[in-house]
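# Survey of secondary and tertiary structure
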Amino acid sequence: MKRLPQFFMILAALSLLMLFVFPMWKIQLFAPQYPDGVEMHISINKIGGKTPGTLQNINILNHYVGMKEIDPDAIPELKYFPMVIIGVIVLGLIAALVNRPYAFMGWLIFFAILCILGLYDFYLWEYDYGHNLSDTAPIKIPGASFQPPVIGRKEIINFTAVSLPHIGGYFVGLSFLLGGTAWWLKRKNEQHETVAS
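In this report, we go over the structure that sits alongside the text. Here the structure is a predicted model, which is why all the values come from computation and not from measurement. (Residues numbered from 1 in each chain as written. Predicted model: local features only at pLDDT ≥ 70, side-chain atom pairs only at ≥ 80, totals over all residues. Heavy atoms only, no water.)

### Digging into the pairing of strand 4 (residues 152–156)
Stated precisely, the cut-off is as follows: When DSSP finds two or more bridges between a pair of strands, those strands are recorded as paired. To qualify as a helix, a DSSP run of H or I must reach at least 4 residues; to qualify as a strand, a run of E must reach at least 2; elements of each kind are numbered from the N terminus.
Here strand 4 pairs with strand 5 (residues 159–165) via 5 bridges, running antiparallel. Each bridged residue has a counterpart across the sheet, and for Lys-154 the counterpart in strand 5 is Ala-161. Taking the residues between adjacent antiparallel strands as the criterion, strand 4 and strand 5 are bridged by 2 residues, where Ile-157 takes a positive phi near 55°.

See the structure below:
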């Protein structure tokens, strides 16, 4: 029982390795001409889709309304984000080694701040692509914005855009849950030890 908080903290840190296996976010576009939807996947080091030609199809659609081409090589976050996640994993393992409530809670707060900053950065990225449109676009709709939602559903002209976490994103949620469980268990263990003494 005494080792259980450490075990949960280790699992919390290692759960983030799934971000290297599964995409963390997905954006789906539905329209009459795409009844099954076009699904873009965003991973920590690449952008792709449900099918090999997804990104190309999205860039073709974006071109008509003047949006910039989505070029994964031009997105710096995809280069440094893997290193950030490795750092968070290492800090989580150090917190497990320290095995104190403050270490677990410190890791949770630090990781939560990083996630909030990541979502804000995602919002800025979407805003840039959805608002900074080319003057030479084949289709011009005055006052229109093509920014998809950060999370949820939004109608954009004749498209329905749906933005949700993918499998990797749910592993991030699991990591928070495991880390919170580690903190709660360790805190209760120390309270029991204090009462017993």
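### Side note on the sheet that holds strand 2 (residues 34–42)
What counts, and what does not: Only C-alpha atoms enter the line fits that serve as axes; for helices the fit covers just the stretch in contact. Angles between N-to-C directions range over 0 to 180 degrees. Residue contacts are defined here by distance: any two heavy atoms, one from each residue, within 4.5 Å place the two residues in contact.
The 5 strands are arranged 3-2-1-5-4 in an open sheet whose pairing can be described as antiparallel. Each edge of the sheet is formed by a strand with only one pairing partner; in this case those strands are strand 3 (47–49) and strand 4. Each adjacent strand pair in this sheet contributes to an overall mean axis angle of 20°, direction not counted. Seen against the sheet, helix 2 (residues 54–65) touches strand 1 (25–31), strand 2, strand 3 and strand 5 and runs at an angle of roughly 110° to strand 2.

### Re the packing of helix 1 (residues 4–15) against helix 3 (residues 77–98)
The following threshold applies: Roughly parallel refers to an angle under 35 degrees, roughly antiparallel to one over 145, roughly perpendicular to one between 65 and 115, and oblique to any angle outside these ranges. For this scheme, ten residues count as nonpolar: Ala, Val, Leu, Ile, Met, Phe, Trp, Tyr, Cys and Pro. Four count as charged, namely Asp, Glu, Lys and Arg, and the remainder, Gly too, count as polar.
Where helix 1 contacts helix 3, the axes come no closer than 8 Å and their chain directions differ by 175°. Between helix 1 and helix 3, the angle falls in the class roughly antiparallel. Across the interface between the two elements, Gln-6, Met-9, Ile-10, Ala-13 and Leu-14 from helix 1 touch Ile-89, Gly-92, Leu-93, Ala-95, Ala-96 and Leu-97 from helix 3. By residue class, the composition of the contact of helix 1 with helix 3 is 9 nonpolar, 2 polar and no charged.

### Topic: the side chain of Gln-28
Basically, it comes down to this: Relative accessibility under 20% of the residue-type maximum defines a buried residue, over 50% an exposed one, and the middle range a partly exposed one, all with a 1.4 Å probe and only protein chains included. By the criterion applied in these results, polar contacts are pairs of N or O atoms within 3.5 Å in which, for protein atoms, one can donate a hydrogen and the other can accept it, and in which residues neighboring in sequence qualify only through two side-chain atoms.
Note on placement: Gln-28 falls in strand 1. With relative accessibility at 15%, the residue Gln-28 sits in the buried group. In terms of polar contacts, Gln-28 uses its side chain to reach the side chain of Glu-39, at 3.0 Å. Residues within four places of Gln-28 in sequence aside, it is in contact with Val-38, Glu-39, Thr-160, Ala-161 and Val-162.

### Considering the nonpolar core
The following threshold applies: Residues grouped as a nonpolar core are buried Ala, Val, Leu, Ile, Met, Phe, Trp, Tyr and Cys residues, joined through side-chain atoms within 4.5 Å.
Ranked by internal contacts, the top residues of the largest apolar core, which has 24 residues, are Met-40, Ile-42, Ile-47, Ile-70 and Trp-125. Elements supplying a minimum of two residues to this core: strand 1, strand 2, helix 2, helix 4 (101–131) and strand 5. Setting aside anything within four residues of it in sequence, one finds Ile-70 in contact with Met-40, Ile-47, Leu-55, Ile-58, Asn-59, Asn-62, Trp-125 and Tyr-129. One finds Met-9, Ala-12, Ile-89 and Ala-182 within the second-largest nonpolar core, a separate group that totals 19 residues.

### Considering unusual backbone geometry
Here Asn-99, not a glycine, exhibits a phi torsion of approximately 55°, which is positive. By the secondary structure assignment, Asn-99 is in the loop between helix 3 and helix 4. One non-glycine residue, Ile-157, lies in positive phi territory at about 55°. As for its placement among the helices and strands, Ile-157 is situated in the loop between strand 4 and strand 5.

### Topic: the packing of helix 3 against helix 4
As a reminder, the rule being used: The crossing is said to be left-handed when, going from far helix to near helix, the turn is anticlockwise and less than a right angle, and right-handed when the turn is clockwise.
Where helix 3 contacts helix 4, the two axes come as close as 9 Å, and the packing angle between them is 165°. By the angle between their directions, the pair helix 3 and helix 4 is classed as roughly antiparallel. For the pair helix 3 and helix 4, the sense of crossing is left-handed. Contact with helix 3, carried on its side by Glu-77, Val-84, Val-88, Leu-91, Gly-92, Ala-95, Ala-96 and Val-98, involves Tyr-102, Ala-103, Phe-104, Trp-107, Phe-110, Phe-111, Leu-114 and Asp-121 of helix 4 and no other residues of that element. Looking at side-chain class alone, the contact of helix 3 with helix 4 contains 13 nonpolar, 1 polar and 2 charged residues.

### Some words on helix 3
Which entries qualify depends on this criterion: Take the number of residues in a helix, subtract one, and multiply by 1.5 Å to get its expected span. The arc in question is the one spanned by the directions pointing from the helix axis to the C-beta atoms.
With 22 residues, helix 3 extends 31 Å between its outermost C-alpha atoms, agreeing within 8% with the 32 Å of an ideal straight helix rising 1.5 Å per residue. Looking only at helix 3, the buried set comprises Glu-77, Leu-78, Pro-82, Ile-85, Val-88, Ile-89, Gly-92, Ala-95 and Ala-96. The arc that holds the buried residues of helix 3, viewed along the axis, is 140°, so those residues lie on one side. Opposite the packed face of helix 3, turned more than 90 degrees from it, sit the exposed residues Lys-79, Met-83 and Leu-97. Where helix 3 is buried, its residues contact helix 1, strand 3 and helix 4. Within two residues after helix 3, Asn-99 carries a phi angle of roughly 55°, on the positive side.

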